[in-house]
Amino acid sequence: MTEVSDREPPRRRVPGPAKPARSAGAQRRPGPGARPARRPTRPRPMPTGRIRLGSPRPRLRMVGLALTLVLAVFVVRLLQVQGVDASTYAAKAEKNRYVGYTLAAERGGITDRNGVALAASVDAYDITADPTLFSREQLKIDDGPEQAAALLAPILGQEPEKIVRKLRPANKNLRYTLLASRQTPQVWKQIKDLKSALATKAESDKSTANVLAGVLSVASSKRVYPNGDLAAGILGWVNADGKGGGGIEQQLNKQLSGKDGEIRYAQSGGRQVPTVGSTETPAVPGSDVELTIDRDIQWAAQSAITKQVEESRADRGYVIVQDTRTGEILAMANSPGFDPNDLSAASSANMGNAAVQDAFEPGSTAKIMSMAAVLEEGVATPGTHVIVPNRLHRGDRLFKDDIDHDTWFLTLNGVLAKSSNIGTILATGQLGKTQREANKVLYSYLRKFGLGSYTGLGFPGETPGILATPDKWSTSQQYTIPFGQGLSLNAMQAASIYSTIANGGVRVEPTLVRGTEGPDGKFTEAPKPKKTRVISAKTAKSLAQMLESVVDDREGTGTKARIPGYRVAGKTGTANRVDPATGKYRGYTSSFAGFAPADKPRVTVYCAIQNATQGNYFGGQICGPIYKKVMEFALKTLQVPPTGAKAAKLPVAFN
């Protein structure tokens, strides 16, 4: 049972009304007997394990300053690039973006007087490459240049190492290199076909690289000489740079070369960007040059001299054919020669034009100038008597003729016909009261005939010969010069002497060029050659008749030069030859010079052979037949008929 408590339950405290809050600043007033109030307590210090943060403002200032400096650097650099160096960088960008190639001008052709091609330019290609396209980055292989060189070498005919050096240049940024110049279209087709085959293989097999992708071509031209070695000494050749290296090719290189053009286009990865325009400056073709020579006469002269040089085992020989009226050279042949199509097989000693570059003592062919001086000065006539002893003592020497003989009783005409050295010395001695005066008179005529001066051709390497002034003639020279020893000339000068006599005593400077035809088709004639009267027409006619006796008279030395039906004037020559290697006399210079028809001259032919070592070496014997063969051919080619007049038949001797 539950026990009930009789205690009164506790009373609940009912909260009374709230007391007003005491202000923070109010102080409780102490009552009577109350204790004084306690002082407020200070806050406890923070525990020592916590970090107190510093002020961030210094750090922010430093970061801001650094950013300002960096920004200032960028601004300055930007101003430099955009303002100061803008043009420089633009140029560099332009250079890297655009590729330029030279468009080679087509070289003008060279023809003979009848328009027959002697030198021409045909289509060809320069094989080029972009070395940057052979790098590992492009081909993904290390030996790209070596693989490409192995494929190109047999086609281009070069050593692989040479090609590798071009495909892997020291300058890693080089975008253009020339592998081979002036290759035939067939060569480029071989490379192009091989390049296409490699491209096809590379597409099907991703692990294969097209090592010829960077090989390109530029249209060019190649110089060819359709007649081989014919007239090579006149024409010259074109070197690897496309410039004339000798002959007319060098002399008229500026006219023949024309003016190169240029093409520029935008590229990317070695390929042209078709959407970006290109600029092109067209090339201006060179002018065509027409020479005075006749190809057929040149062939006849070259064939004849080549055969005789081989048979005589001579060092060399030359033949010149000249139009006596105009001075135009119809042929200028040298042997041995060279083929300008294959310079690798040519001897450097044979690559010039010896007919104008060799200086030699002419011998008796020069006696015609001594006779011209004697006749022109009026000290003798063709019929003047000259007593010629077997020996003649003059100065420090004893002179003789080429053969021993009893005393000859000759006319001046006979002295020339029999080519007497002694008779010539005696005749020229009459040119002055003293030998010194006679020397001066003879020298003046030698100069008028062109000795000691350039011919006027302007040909590369031409020699003016050697002719000392009379005051420098030695004791022996003053007697040897009248018969052609002690002075020197070239073959063109020798031919010009006889053309002067054939032209009535007027010397016409020889010419090789008739004119040029420009790209516009306009033909420009060459300047007219200079003309100079050397001797009177009367003297020239007398000399022509005297030269006939050399060929026509049975006692003359030039009987092998006779041409049936024609009157022929000519002179033989056999001179001691100065060996160019030692500077001493060794061997002989054999020569023959003359013109036809003698009474109405049209053509001059001069032939000389140096150091014949087999068979006869006399000029009349080995050069006379060449003169005849070439002269006959030239007269027929030019359709020059015989005059039909009878020869003068001047007397050779007197009783």
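Provided above is the structure to which this section pertains.
Reference entry: report on the structure contained in this document.

Cut-offs and rules
- Counting from 1, residues in each chain are numbered in the order their sequence is written.
- Only residues with pLDDT of 70 or above have their local features reported here, since the model is predicted, and side-chain atom pairs are shown and tallied only from 80 upward, although totals for entire chains, interfaces and linings are computed over all residues.
- Excluded from the side-chain calculations are hydrogens and water; all other atoms, namely the structure's heavy atoms, are used.
- For this document, the term salt bridge refers to a Lys or Arg side-chain nitrogen within 4 Å of an Asp or Glu carboxyl oxygen.
- A 1.4 Å probe rolled over the protein chains alone gives each residue an accessible area, and that area as a share of the maximum for its type sets the label: buried under 20%, exposed over 50%, partly exposed in between.
- To define axes, lines are fitted to C-alpha atoms, for helices over the stretch in contact only, and angles between the resulting N-to-C directions are given on a 0 to 180 degree scale.
- The numbering of helices and of strands both runs from the N terminus, where a helix is a DSSP run of H or I of at least 4 residues and a strand a run of E of at least 2.
- We call two directions roughly parallel when the angle between them is under 35 degrees, roughly antiparallel when it is over 145, roughly perpendicular when it lies between 65 and 115, and oblique otherwise.
- Helix crossings are classified by the rotation of the near helix relative to the far one: an anticlockwise turn of less than a right angle makes the crossing left-handed, while a clockwise turn makes it right-handed.
- Contact between two residues is taken to exist if any of their heavy atoms lie within 4.5 Å; hydrogens are not considered.
- Cysteine sulfur atoms are paired as a disulfide whenever they fall within 2.5 Å.
- Between any two strands, at least two bridges found by DSSP are needed for them to pair.
- Between N or O atoms, a polar contact is any pair within 3.5 Å; within protein, one atom must be a potential hydrogen donor and the other a potential acceptor, and residues adjacent in sequence are included only when both atoms are from side chains.
- Multiplying 1.5 Å by the residue count of a helix minus one yields the expected span of that helix.
- Any Phe, Tyr or Trp ring, taking Trp's six-membered ring, that has another such ring centre within 6.5 Å forms a pair; planes under 30 degrees apart are called stacked, those over 60 apart edge-to-face, and the others tilted.
- Lysine NZ or arginine CZ positioned within 6 Å of the ring centre and within 35 degrees of the ring normal marks a charge as sitting over the ring.
- In this analysis the local bend is the angle between axes fitted, respectively, to the seven residues ending at and the seven residues starting at the residue.

As for the pattern of salt bridges
Turning to step 1, where the next piece is worked out: Under the criterion given, the structure shown has 21 salt bridges.
Turning to step 2, where the next piece is worked out: Put simply, arginine 136 and aspartate 142 hold a salt bridge, and the shortest N to O gap is 2.8 Å.
Turning to step 3, where the next piece is worked out: The salt bridge partner of arginine 295 is aspartate 296, with a shortest N-O separation of 3.6 Å.
Turning to step 4, where the next piece is worked out: Owing to a relative accessible area of 29%, arginine 295 belongs among the partly exposed residues under this scheme.
Turning to step 5, where the next piece is worked out: Among the residues examined, aspartate 296 registers a relative accessible area of 36% and is labelled partly exposed.
Turning to step 6, where the next piece is worked out: Several salt bridges share partner residues, and in doing so they unite Arg113, Glu290, Glu328 and Arg514 into one network.

Overview of the packing of helix H12 (residues 367-376) against helix H14 (residues 421-428)
Turning to step 1, where the next piece is worked out: Taken N-terminus to C-terminus, the directions of H12 and H14 make an angle of 30°; their axes are 10 Å apart at the nearest point. As summarised for this structure, H12 and H14 are arranged roughly parallel, according to the angle between their axes. Seen from above, H12 lies across H14 with left-handed handedness. Residue-level inspection shows Lys367, Ser370, Met371 and Val374 of H12 in contact with H14, the latter providing Asn421, Thr424, Ala427 and Thr428.

Side note on the state of the cysteines
Turning to step 1, where the next piece is worked out: According to the stated counting rule, one finds zero disulfides in the structure shown.
Turning to step 2, where the next piece is worked out: The thiol of cysteine 607 is unpaired, and the distance to the nearest cysteine sulfur, on cysteine 623, comes to 3.2 Å.

Digging into the pairing of strand S23 (residues 585-596)
Turning to step 1, where the next piece is worked out: Where strand S22 (residues 569-578) and S23 come together, nine bridges link them in antiparallel fashion. From the neighbouring strand, glycine 570 faces S23, where its bridge partner is glycine 594.
Turning to step 2, where the next piece is worked out: Between S22 and S23, which pair antiparallel and follow one another directly, the connecting turn spans six residues, one of which, glycine 583, has a positive phi of 75°.
Turning to step 3, where the next piece is worked out: As defined by bridge partners, S23 adjoins strand S24 (residues 603-610) across eight bridges and the pair is classed as antiparallel. Residue pairing in the sheet places alanine 596 in a bridge with valine 603 of S24.
Turning to step 4, where the next piece is worked out: In sequence, S23 turns back onto S24 through a hairpin of six residues.

Here's the deal with the side chain of aspartate 130
Turning to step 1, where the next piece is worked out: Examined against the element boundaries, aspartate 130 turns out to sit in the loop between strand S3 (117-129) and helix H3 (136-139).
Turning to step 2, where the next piece is worked out: Among the residues examined, aspartate 130 registers a relative accessible area of 4% and is labelled buried.
Turning to step 3, where the next piece is worked out: Of note is the side chain of aspartate 130, whose polar atom sits 2.7 Å from the side chain of threonine 132.

Concerning unusual backbone geometry
Turning to step 1, where the next piece is worked out: Of the consecutive residues serine 335 and proline 336, the connecting peptide bond is found in the cis state with omega at 0°.
Turning to step 2, where the next piece is worked out: Cis geometry marks the peptide bond from alanine 596 to proline 597, where omega comes out at -15°.
Turning to step 3, where the next piece is worked out: Mapped onto the elements, proline 597 comes out in the loop between S23 and S24.
Turning to step 4, where the next piece is worked out: A positive phi angle is found at lysine 140, which is not glycine, with a value near 65°.
Turning to step 5, where the next piece is worked out: For arginine 313, which is not a glycine, the phi torsion comes out positive at approximately 50°.
Turning to step 6, where the next piece is worked out: Tracing the backbone through its elements, the reader meets arginine 313 in the loop between helix H10 (295-312) and strand S12 (316-323).

A few points about the pairing of S3
Two faces, one strand: in a regular strand the side chains alternate between the faces of the sheet.
Turning to step 1, where the next piece is worked out: Bridge count between strand S2 (residues 110-111) and S3: two bridges; the pairing is antiparallel. Considered in S3, the bridge of threonine 111 is made with alanine 117.
Turning to step 2, where the next piece is worked out: A loop of five residues connects S2 with S3, the two strands running antiparallel in sequence, and glycine 115 in this loop sits at a positive phi of about 85°.
Turning to step 3, where the next piece is worked out: In this structure, S3 lies alongside strand S5 (residues 215-224), joined through ten bridges in antiparallel fashion. Residue pairing in the sheet places isoleucine 127 in a bridge with serine 217 of S5.
Turning to step 4, where the next piece is worked out: Pairing between S3 and strand S4 (residues 177-183): four bridges, direction antiparallel. Note that in S4 the partner of alanine 129 across the bridge is threonine 177.

Overview of the environment of alanine 373
Turning to step 1, where the next piece is worked out: Here alanine 373 lies in helix H12.
Turning to step 2, where the next piece is worked out: Take alanine 373: its relative accessible area is 0%, and that puts it in the buried class.
Turning to step 3, where the next piece is worked out: Residues alanine 373 and isoleucine 535, 162 residues apart in the sequence, show an inter-C-alpha distance of 8.3 Å.
Turning to step 4, where the next piece is worked out: Not counting chain neighbours up to four residues away, the residues in contact with alanine 373 comprise Leu431, Leu442 and Tyr445.

Here we look at helix H15 (residues 435-448)
Turning to step 1, where the next piece is worked out: The end-to-end C-alpha distance of H15 is 20 Å, a good match for the 20 Å that 14 residues give at a rise of 1.5 Å each.
Turning to step 2, where the next piece is worked out: For H15, the set of buried residues is Ala438, Asn439, Val441, Leu442, Tyr443, Tyr445 and Leu446.
Turning to step 3, where the next piece is worked out: Buried positions along H15 lie against H12, H14 and helix H16 (477-480).
Turning to step 4, where the next piece is worked out: Within two residues after H15, glycine 450 carries a phi angle of roughly 105°, on the positive side.

Comments concerning the packing of aromatic side chains
Turning to step 1, where the next piece is worked out: For the structure shown, the criterion picks out eleven aromatic pairs.
Turning to step 2, where the next piece is worked out: Between tryptophan 237 and phenylalanine 338, the ring centres sit 5.9 Å apart and the planes meet at 85°, which makes this aromatic pair edge-to-face. With tryptophan 237 in strand S6 (residues 237-238) and phenylalanine 338 in the loop between strand S13 (329-335) and helix H11 (354-357), this pair connects stretches of sequence that are 101 residues apart. Assigned by exposure class, tryptophan 237 and phenylalanine 338 land together as buried.
Turning to step 3, where the next piece is worked out: With a centroid separation of 6.3 Å and 55° between ring planes, the pair formed by tryptophan 299 and phenylalanine 633 is classed as tilted. Taken as a pair, tryptophan 299 in helix H10 and phenylalanine 633 in helix H20 (residues 624-637) lie far apart in primary sequence, 334 residues in all.
Turning to step 4, where the next piece is worked out: Here phenylalanine 633 falls in the partly exposed class, since its relative accessible area comes to 29%.
Turning to step 5, where the next piece is worked out: One aromatic cluster is present, formed by Phe399, Tyr479 and Phe483 through successive ring pairs.
Turning to step 6, where the next piece is worked out: Stacked on the ring of tryptophan 408, the Lys or Arg lysine 418 has its end atom at 4.6 Å from the ring centre.
Turning to step 7, where the next piece is worked out: Against the face of tyrosine 445 rests lysine 448, its NZ or CZ located 4.8 Å from the ring centre.

Digging into the sheet that holds S24
Turning to step 1, where the next piece is worked out: Strand order in this open sheet of five strands is S13-S12-S24-S23-S22, and the pairing throughout is antiparallel. Where the open sheet ends on each side, the last strands, each with one partner, are S13 and S22. The average undirected angle you get between the axes of adjacent strands in this sheet is 10°.
Turning to step 2, where the next piece is worked out: Pairing between S12 and S13: six bridges, direction antiparallel.

Regarding helix H4 (residues 144-156)
Turning to step 1, where the next piece is worked out: Counted at 1.5 Å a residue, the expected span for H4 with its 13 residues is 18 Å, and the 18 Å between its end C-alpha atoms agrees.
Turning to step 2, where the next piece is worked out: Of all bends in H4, the biggest is about 30°, found at alanine 150, and the proline proline 154 comes one to four residues later.
Turning to step 3, where the next piece is worked out: Turning to H4, its buried residues number three or more, namely Gly144, Pro145, Ala148, Ala149, Leu152, Ala153, Ile155 and Leu156.
Turning to step 4, where the next piece is worked out: Along its buried surface, H4 packs onto S3, H3, helix H5 (160-167), S4, helix H6 (185-204) and S5.

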